[in-house]
Amino acid sequence: MAARIASFPFKNAAVSTVLPRWPGPAGAALQAALLITTYAAFGKEPVSIVANIEDVLAGKIAAAPVTLESMTGWTNYAELVPEGALPVSASSRIVATAGGFLVPGHQTGSIDLFHVTAPNNVSHAKISTDKEGFFYHKIVWHDCDGDGRLDVMAARAKVPNVGEKQGELIWLEQPAAGALNGTPWKEHVLSAGPDVDFVLSAHAESDGSGPPPVVAAQYFSAPLLAIYRCAGATWAACDGGKGISVETLDEDFGPFFAVQESDLDGDGIPDLLVTNSRPNATGALLAYSKPTGASGYTRHVLASGYAPAPKPLAGPGRGAPGKPFALPTYSPGEKPRVLLSGDDGGFVSVLTPTSKAVGEWSYQQTYLFNSTGTIGQLSWMINASSALIAFVPLFSEGRIEAWALPRIM
Ligand SMILES: [Ca+2]
Ligand SMILES: [Ca+2]
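Visitor: Which parts of the structure should I look at to understand the overall build of the chain?
Guide: Within the chain, the secondary structure is distributed over 1 helix and 28 strands. In summary, the chain has a C-alpha radius of gyration of 20 Å against a globular reference of 22 Å for 409 residues, a match within 12%. Taken over the C-alpha atoms alone, the chain extends approximately 55 × 50 × 45 Å along its principal axes. For the chain, with 409 residues in total, the buried portion stands at 46%. Across the chain, the fraction of contacts at a sequence separation of at least 24, relative to all contacts at a separation of at least 6, is 51%.

Here it is, written out as structure tokens:
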């Protein structure tokens, strides 16, 4: 059985991320750390790091969050920048954040880099240029212009009280020098549409000639799951929308919340793992497959019926489920399990494939727990003992839980 192995208080815990090999106290061996962002309608919303998380889980030390930054707000995304993406020394690390939301005071979001040379030595570079009312949920590192430097692709949304909701796919050009000096990177707008989550697909290419297509889970602007392809040699050739074509994969099950690409059914071809987010017990975990030779994607409903937990004061904008994760497998041919959070549904579950056969899409769902509060974004890691650990930010209840997931649930 899955077991709760640790729990510690953490006010307003929102998005969690595992940082591998993160520097802890001087002299200590490098260990994974847990990064946690916070959401608050008023006051500071620090992004913090709990170093030496394996020692915390083992009960050797107490969780001691250290603030990475508290200048940005409503941080929806925080990840380690890929090694080598920016010209810094090998011992330093950079965390990229993206944020903002439709909450008053937070509508105009930003993309920021935090360069950490020591736990208490953090420098900040905001690389986006403010566009009033637009906020960010996701960035992807990709060399958009083929100059050898990784650039930032991002989706952003605008949700005004009155007027049109908008989504925009953009890229920010990493300069040849001064990438971290605080000057915003040059912005290029690619297309309307993508607004929340997206991936660069390794598989959705139509003829193999262009750059990797964008698969977008659209929530605000138009509730679609859609593929954006660029006919140029690089994404930069499609600036301003030139040469971009859009294929709609699903216009029935939206609004869509999250998308990732992973081979789910064991045929060796990456599939799309997707959630929508809905209020009325119609939330679903979905997969989309495109076998070799198929002309289009086939939708598979892996589980459905998710709903926000009942609350005395159920506000608007609540939905379920949250973000799914395909978990690592243990042997060739094994299909991955899926870790799922409920978001406003207040649960965490693991879906295990019930058949090894290719083309079978049935799963058994095991709930780790149900609560009445909102769950933030989960993260997971493999610890030094090869066990799979899931981190759960319980936003409403103000704590972080760690769960060990055995190979057989
Ligand atoms: Ca570049
Ligand atoms: Ca597949």
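Visitor: Where do I start with the sheet that holds strand β24 (residues 347-353) in this structure?
Guide: For sheets, the rule is that strands pair by backbone hydrogen bonds, running either parallel or antiparallel. Ordered in space as β22-β23-β24-β25, the 4 strands form an open sheet in which the pairing is antiparallel. At either margin of the open sheet sits one strand with a lone partner, and together these are β22 (324-326) and β25 (363-370). Across this sheet, the average inter-strand angle for adjacent strands is 20°, counted without regard to direction. Pairing geometry for strand β23 (residues 338-341) and β24, over 4 bridges, is antiparallel.

Visitor: Would you mind going over unusual backbone geometry with me for this structure?
Guide: Glycine aside, residues mostly have negative phi, and peptide bonds are mostly found in the trans state. That bond from glycine 254 to proline 255 is cis: its omega, 0°, falls within 30 degrees of zero. When you line up the elements, proline 255 lands in the loop between β17 (244-250) and β18 (256-262). In this model, alanine 320 is joined to proline 321 through a cis peptide bond whose omega is -5°. Secondary-structure assignment places proline 321 in the loop between β21 (298-306) and β22.

Visitor: Before we go on, may I ask you to explain the sheet that holds strand β3 (residues 31-38) in this structure?
Guide: A sheet is described by the order of its strands in space; here 4 strands give the open sequence β2-β3-β4-β5, paired in antiparallel fashion. Since the sheet does not close on itself, it has two edges, and those belong to β2 (13-22) and β5 (66-69), each with one partner. Taking each pair of neighbouring strands and ignoring which way they run, the sheet shows an average axis angle of 30°.

Visitor: Would you mind going over the pairing of strand β19 (residues 271-276) with me for this structure?
Guide: Put simply, side chains in a regular strand alternate between the two faces of the sheet. With respect to burial, β19 is a largely interior element, 6 of its 6 residues being buried. Of the two faces of β19, both are covered, the one formed by Asp271, Leu273 and Thr275 as well as the one formed by Leu272, Val274 and Asn276. Relative to β19, β18 runs antiparallel, the two sharing 6 bridges. In the strand pairing of β19, glutamine 260 is matched with leucine 273. In the sheet, β19 pairs with strand β20 (residues 283-289) via 4 bridges, with the strands oriented antiparallel.

Visitor: What is the right way to look at the nonpolar core in this model?
Guide: Generally speaking, a soluble globular protein has its nonpolar side chains buried in company with each other. Core analysis: the biggest nonpolar cluster contains 110 residues, and Ala33, Ala154, Ala217 and Val274 have the highest contact counts within it. Among the elements that line this core, the one with the most residues is strand β27 (residues 388-394), at 6 residues. Residues in contact with alanine 217, not counting those within four places in the same chain, are Val196, Asp197, Phe198, Leu225, Phe256, Phe257, Ala258, Val259 and Val274.

Visitor: Is there a simple way to think about the environment of valine 66 in this case?
Guide: Of note, valine 66 is situated in strand β5. A residue is classified by how many C-beta atoms lie within 10 Å of it, and valine 66, with 14 of them, is partly exposed. As for valine 66 and valine 47, which are separated by 19 residues in sequence, their C-alpha atoms are 8.6 Å apart. Residues in contact with valine 66, not counting those within four places in the same chain, are Ser48, Ile49, Ala51 and Pro119.

Rules and cut-offs
Residues numbered from 1 in each chain as written. Chains lettered and ligands numbered in written order. Predicted model: local features only at pLDDT ≥ 70, side-chain atom pairs only at ≥ 80, totals over all residues. Helix = DSSP H or I, 4+ residues; strand = E, 2+ residues; numbered from the N terminus. Rg over C-alpha atoms; globule rule 2.2 N^0.38 Å. Buried ≥ 20, exposed ≤ 12 C-beta atoms within 10 Å, placed from the backbone. Contact = placed C-beta atoms within 7 Å. Pairing = 2+ DSSP bridges. Axes fitted to C-alpha atoms, helices over the stretch in contact; angles between N-to-C directions. Core = buried A, V, L, I, M, F, W, Y, C linked by C-beta atoms within 7 Å.

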